[in-house]
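# Coordinates in review
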Amino acid sequence: MVKYILKRLGVSILILLGVSLILYTLLRCMPTDFVEQKILALTTGGAEVQKEMEEKLYAAYGLNGTILEGYWTWLTNIMRLEFGTSFINGREVLSELFSADRLGTSFIVAAIATVFEFLIAIPLGITAATHQYSLRDYLVTVLVLIGISLPSFFFGQILKNIFAIKLDWFPVSGLKDAGVTYATAGEAMLDYLHHMCLPVFTVVILSIGGRMRMTRTNMLEVLNSDYIRTARAKGLKEHKVIYKHAFRNTMIPLVTGLAGLIPSLFSGAMITESVFDLPGIGSYALKAMTQGDIPVIMTYNMFLATLSVLGVLMADLMYGIVDPRVKLS
């Protein structure tokens, strides 16, 4: 086990190096960069920026050399655990990107949404599979496909317009109302959860589709297996056949979802956070991306890449627990 984990970690380091090189190259090849946007802002009022000043700006932000030179500078700084400062506000990237408020907001939204996603998607997938080609199956499939097809910014704006603006059931945006004071911690928590309802609902509706379809497909495959027919022929109750024998083997492909579950808990829902004006890590990273803030973008994406690699490793280890036939050897 230890030898296997160490071997996988060694391979993961090489993968992360390749990912970092590709990411940095793509960022440097963007149509515009932070310096160009800054110069454009300076010249909007009619002012002129001299060529010498432009070169100094590129040198100040480390964008004056080639892509490989810039990547090597970034890599050597990372090896010294120096993640740099944000181009936008000049603050340390780690303290700015991974502040307790930002990371906590994104994690809470993702964690609550993930719990509801599993609680809704898996039962829907099972009931659709056990009632194949019935009205229930078609109804569930259509509703889920609608959820998959809707863009998050469009669906979020619809929910905000109906439930926040017209019906006034939920707050329009943010985590708390401006100027409001709370008498107790419980009252503050209830108001916090009240603000979270629409963002969480948006994420849940748009994410259950894939999980439900995977559960349905896997369950249909398992239900057509010989050992399921044998269990039914022995007179076992249908409930026991489905939830004890069939569902356990259905979990094997679902374990693959662990690889993407860990990054999703910390990455933040970029578009959803922007729609509802939540101060999460996703909305901050999206702002950094649009402004070409390379230190923030690189740190954010490498953080997600590291979590993805660890998620894949955990999924592989979980296969041995869920399916005894899988051995690390």
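A brief report on the enclosed structure follows. These numbers were taken from a predicted model, which means no experiment stands behind them. Each chain has its residues counted from 1, running along the sequence as written. In keeping with the model being predicted, local features are shown solely for residues with a pLDDT of at least 70 and side-chain atom pairs are shown and tallied solely at 80 or more, while totals for entire chains, interfaces and linings include all residues. The side-chain numbers reported here are obtained from all heavy atoms of the structure, hydrogens and water having been left aside.

Each helix and strand counted, the protein chain has 15 helices and zero strands in total. Each principal axis of the C-alpha atoms in the protein chain carries an extent, and together these give about 85 × 55 × 40 Å. Residues are treated as being in contact if the distance between any of their heavy atoms lies within 4.5 Å. Taking as baseline every contact in the protein chain between residues at least 6 positions apart, the subset at least 24 positions apart corresponds to 75%. Carbon and sulfur atoms make up 67% of the accessible area of the protein chain, which amounts to about 18800 Å² in all. Only four residue types enter the tally: Lys and Arg on the positive side, Asp and Glu on the negative side, with His and both chain ends excluded. Lys charges are placed at NZ, Arg charges at CZ, Asp charges at CG and Glu charges at CD. A distance of 15 Å separates the average location of the 27 positive side-chain charges in the protein chain from that of its 25 negative side-chain charges. Helical segments are the DSSP runs of H or I of at least four residues, strand segments are the runs of E of at least two, and each set is numbered from the N terminus. Each accessible area value is a Shrake-Rupley result obtained with a 1.4 Å probe; residue values ignore everything except the protein chains displayed when judging cover.

Glancing now at the packing of helix H8 (residues 152-166) against helix H9 (residues 185-223). The axes used here are C-alpha line fits, helices contributing only the stretch in contact, and every angle between their N-to-C directions lies in the interval 0 to 180 degrees. In contact at an axis separation of 10 Å, H8 and H9 are set at 135° when each is read in the N-to-C sense. With respect to H9, the axis of H8 lies oblique. Read as a crossing pair, H8 and H9 show a hand that is right-handed. Across the interface between the two elements, Ser152, Phe155, Gly156, Leu159, Lys160, Phe163 and Ala164 of H8 pack against Leu198, Phe201, Thr202, Ile205 and Leu206 of H9. Any angle between 65 and 115 degrees counts as roughly perpendicular, while under 35 counts as roughly parallel, over 145 as roughly antiparallel, and the rest as oblique. The crossing is said to be left-handed when, going from far helix to near helix, the turn is anticlockwise and less than a right angle, and right-handed when the turn is clockwise.

So, on to the packing of helix H6 (residues 100-130) against helix H14 (residues 281-291). Two numbers describe a pair of packed helices, the interaxial angle and the distance between the axes. Taken N-terminus to C-terminus, the directions of H6 and H14 make an angle of 115°; their axes are 7 Å apart at the nearest point. Only Ile281, Gly282 and Tyr284 of H14 make contact with H6, whose side of the interface consists of Arg102, Leu103 and Ser106. The classification used treats Ala, Val, Leu, Ile, Met, Phe, Trp, Tyr, Cys and Pro as nonpolar, Asp, Glu, Lys and Arg as charged, and all other residues, Gly among them, as polar. The residue inventory of the contact of H6 with H14, partitioned by class, reads three nonpolar, two polar and one charged.

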